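# A look at the structure
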Amino acid sequence: MVKDVIKVTLDVDEVPRKWYNILPDLPEKLPPALHPATREPVTPADWEPLFPKGLIRQEYSEERYIDIPEEVREALIAIGRPTPLHRARRLEKHLGTPARIYFKREDMSPAGSHKPNTAIAQAYFNYKEGVEHLTTETGAGQWGSALSAACALFGLKCTVFMVRSSYDSKPYRKYVMKMYGADVSASPSIKTKFGQQTLATDPTCGGSLGIAISEAIETAVSNKNAKYSLGSVLNHVMLHQTVIGEEVMAQMKKIDEKPDVMIGCVGGGSNFAGFTFPAIYEKKKGNLDTRFIAVEPESVPSMTGVACGKARYEYDFGDTAGMTPLLKMCTLGHDFMPQAIHAGGLRYHAMAPTVSLLHQAGSIECEAVGQDATFKAGQMFARTEGIIPAPESSHAICSAINHALAAKKTGEKKVIVFNLSGHGLLDLQNYADMFGF
Ligand SMILES: *Cc1c(COP(=O)(O)O)cnc(C)c1O
């Protein structure tokens, strides 16, 4: 039975009805966010200029399961949930590994990644509370595309600050956002005070996620009935992504498999969190004995860098200007300027507080992979499984291949499951540059 499975699907009525909240199950209490001026714990009221109350409640909630509103669930179904789990039979054969490799298809949403899972929930809670306008930042454009689409679904105006280097080199996601009706600016921009200051000191600045966040927050707080939306890092974002892992648990159960290793790439940590948190809870209850592996680029080692002193587990800002609350995270420092690596979604300077804490507590492991190996892994996956992965997802694929080759050496029939966080059809320029097409 297990041997013949190629694709595990779920019915529409198996789309999760609740999100799993890991806060009550963390090994220690999550250190509170601190106010940037007073360094006192941030209260729910402090977040209100930025987020609607429904999301703030989730940010602090200690309830293990939180109901998914029916309108959100319907929208998730409309954009393609539940997503299938595939077995990578041809990749296994190509590698000659006894391991069984599965991957969860978060590449199938209209925006091409897992990000709509939270974009839809965030747009909904804002719309419910009468917010009319959302602002955000985007790197390569995946988050901006997801939020633009979600805002269109709920009738909200959307303003996106896109990191300038991507804005110039990746026009297609900009067109996707405009297609959905968003207002898109290259960041640093002249539309905000912080953008103007940044350009005054460095007129050719290519931007960073940290700078774009500062601009989006400034725009949200200075516009009436506008709020800000973040695509990763915060607890409520991790929460919304758990539909991925809950579906995976149901899918593994259907084929009577238990994952030995679960692998996800990490930028801010949300696809990894959504994919693994429900399984981390199953492991805590004694039902699984899985290793959880977060994969980051060698050039942005926010977790792997802690061991060698390049990164630290400490309070840091989420943005460059220092406007956000301080969060306890594995961080390279909020002024970290990443190299222009080809995986825009993995360039963030820090890691979600929940994922950082799990790493510090030894509940999850991390690995760093280099750019050459990553792109080759993506190409091997395209040629064996027929799907062109996002460069971000290729980091997870690269690690999955390494684990499958290790299993070949030891002859172990390991069950390896990774999250295919997105497709790479709008990232073909990166592959072309890398391979010299
Ligand atoms: C944004 C993005 C990531 C990284 O963000 P996380 O919050 O770490 O998930 C990974 N893969 C894809 C396809 C993305 O769009």
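Residues numbered from 1 in each chain as written. Predicted model: local features only at pLDDT ≥ 70, side-chain atom pairs only at ≥ 80, totals over all residues. Heavy atoms only, no water.

### Observations regarding the nonpolar core
Membership of the largest hydrophobic core comes to 37 residues, with the highest contact counts inside it found for Met252, Met262, Phe277, Val355 and Val417. If one sorts the elements of this core by residue count, helix 11 (residues 270-284) sits on top with seven residues. Ignoring sequence-local partners within four residues, the contact set of Val417 consists of Leu85, Tyr102, Val248, Met252, Pro259, Val261, Met262, Ile263 and Phe275. In this structure, Ile66, Leu76, Val131 and Trp143 belong to the second largest nonpolar core, which totals 34 residues. (Core = buried A, V, L, I, M, F, W, Y, C linked by side-chain atoms within 4.5 Å. Buried < 20%, exposed > 50% of the residue type's maximum accessible area, 1.4 Å probe, protein only. Helix = DSSP H or I, 4+ residues; strand = E, 2+ residues; numbered from the N terminus. Contact = heavy atoms within 4.5 Å.)

### Points about the environment of Ala396
Here Ala396 is to be found in helix 15 (residues 391-410). When its relative accessible area of 0% is taken as the criterion, Ala396 is described as buried. Separated by 89 residues in sequence, Ala396 and Ala307 have C-alpha atoms that sit 21 Å apart. The contacts of Ala396, once residues within four sequence positions are left out, are Ile263, Gly264, Cys265, Val295, Phe418 and Asn419.

### Focus: the site of the ligand
Not every one of the 18 residues close to the ligand is listed here, only the nearest: Lys115, Ser232, Gly267, Ser270 and Ser421. Within the contact set of the ligand, an oxygen atom lies 2.5 Å away from a side-chain nitrogen or oxygen of Ser232. Between the ligand and the protein, one listed contact pairs an oxygen atom with a backbone N or O atom of Gly269 at 2.8 Å. With the chains in place, 97% of the 380 Å² that the ligand exposes on its own is no longer accessible. A majority-of-atoms criterion places the ligand in the largest cavity. Broken down by class, the residue content of the shell around the ligand amounts to four nonpolar, 12 polar and two charged. (Near = heavy atom within 4 Å. Polar contact = N/O pair within 3.5 Å; in protein donor to acceptor, adjacent residues only side chain to side chain. Areas by Shrake-Rupley, 256 points an atom, 1.4 Å probe, with all protein chains shown as cover. 1 Å grid on protein atoms, 1.4 Å probe; cavity = no way out; pocket = protein on both sides within 12 Å on 5 of 7 lines; lining within 4 Å. Sits in = over half its atoms within 2 Å of the grid points. Nonpolar A, V, L, I, M, F, W, Y, C, P; charged D, E, K, R; others polar.)

### Thoughts on the sheet that holds strand 9 (residues 226-228)
Ordered by their spatial adjacency, four strands build an open sheet running 8-7-6-9, and the pairing between neighbours is parallel. Each edge of the sheet is formed by a strand with only one pairing partner; in this case those strands are strand 8 (183-187) and strand 9. In this sheet, adjacent strand axes meet at a mean angle of 25 degrees when their direction is disregarded. Of the strand pairs in this sheet, strand 6 (residues 133-138) and strand 7 (residues 157-163) are connected by six bridges, and their pairing is parallel. If you follow Thr136 over to strand 7, its bridge partner there is Val160. Against the sheet, helix 5 (residues 142-154) makes contact with strand 6 and strand 7, and its axis sits at roughly 165 degrees relative to strand 6, the strand it touches most. (Pairing = 2+ DSSP bridges. Axes fitted to C-alpha atoms, helices over the stretch in contact; angles between N-to-C directions.)

### Some words on the packing of helix 2 (residues 70-78) against helix 4 (residues 116-128)
As a packed pair, helix 2 and helix 4 sit with axes 10 Å apart at the nearest point and diverge in direction by 145 degrees. Where helix 2 crosses over helix 4, the two elements pack in a sense that is right-handed. In this structure, helix 2 contributes Glu71, Val72, Ala75 and Leu76 to the contact, and helix 4 contributes Pro116, Asn117, Ile120, Ala121, Tyr124, Tyr127 and Lys128. A per-class count over the contact of helix 2 with helix 4 returns eight nonpolar, one polar and two charged. (Left-handed = near helix turned anticlockwise from the far one by under 90°.)

### Things to note about empty space enclosed by the protein
Scanning the model with the defined rule gives five cavities of 30 Å³ or more in all. Taken as a whole, the largest cavity holds about 420 Å³ of empty space. Mapped onto the lining of the largest cavity, the elements with two or more residues apiece are strand 6, helix 5, helix 9 (209-221), helix 11 and helix 15. Classifying every residue of the lining of the largest cavity gives 12 nonpolar, 19 polar and four charged. (Points joined across faces, edges and corners; volume = space filled by probe spheres on them.)

### What to know about the layout of surface pockets
The volume enclosed by the largest pocket comes to roughly 400 Å³. Taken together, 21 residues make up the lining of the largest pocket; nearest its centre are Glu246, Met249, Ala250, Lys253 and Glu282. For the lining of the largest pocket, the secondary structure elements donating two or more residues are strand 2 (18-20), helix 10 (235-254) and helix 11. Ranked by the residues each element gives to the lining of the largest pocket, the list is headed by helix 10, at six residues. Counted by class, the lining of the largest pocket contains 10 nonpolar, one polar and 10 charged residues. Volume-wise, the second largest pocket comes out at about 310 Å³. Along its surface, the second largest pocket is lined by 16 residues, and Leu30, Pro31, Pro32, Tyr60 and Asn235 are the ones closest to its centre. Each residue belonging to the lining of the second largest pocket can be placed in one class, and the counts come to 11 nonpolar, one polar and four charged.

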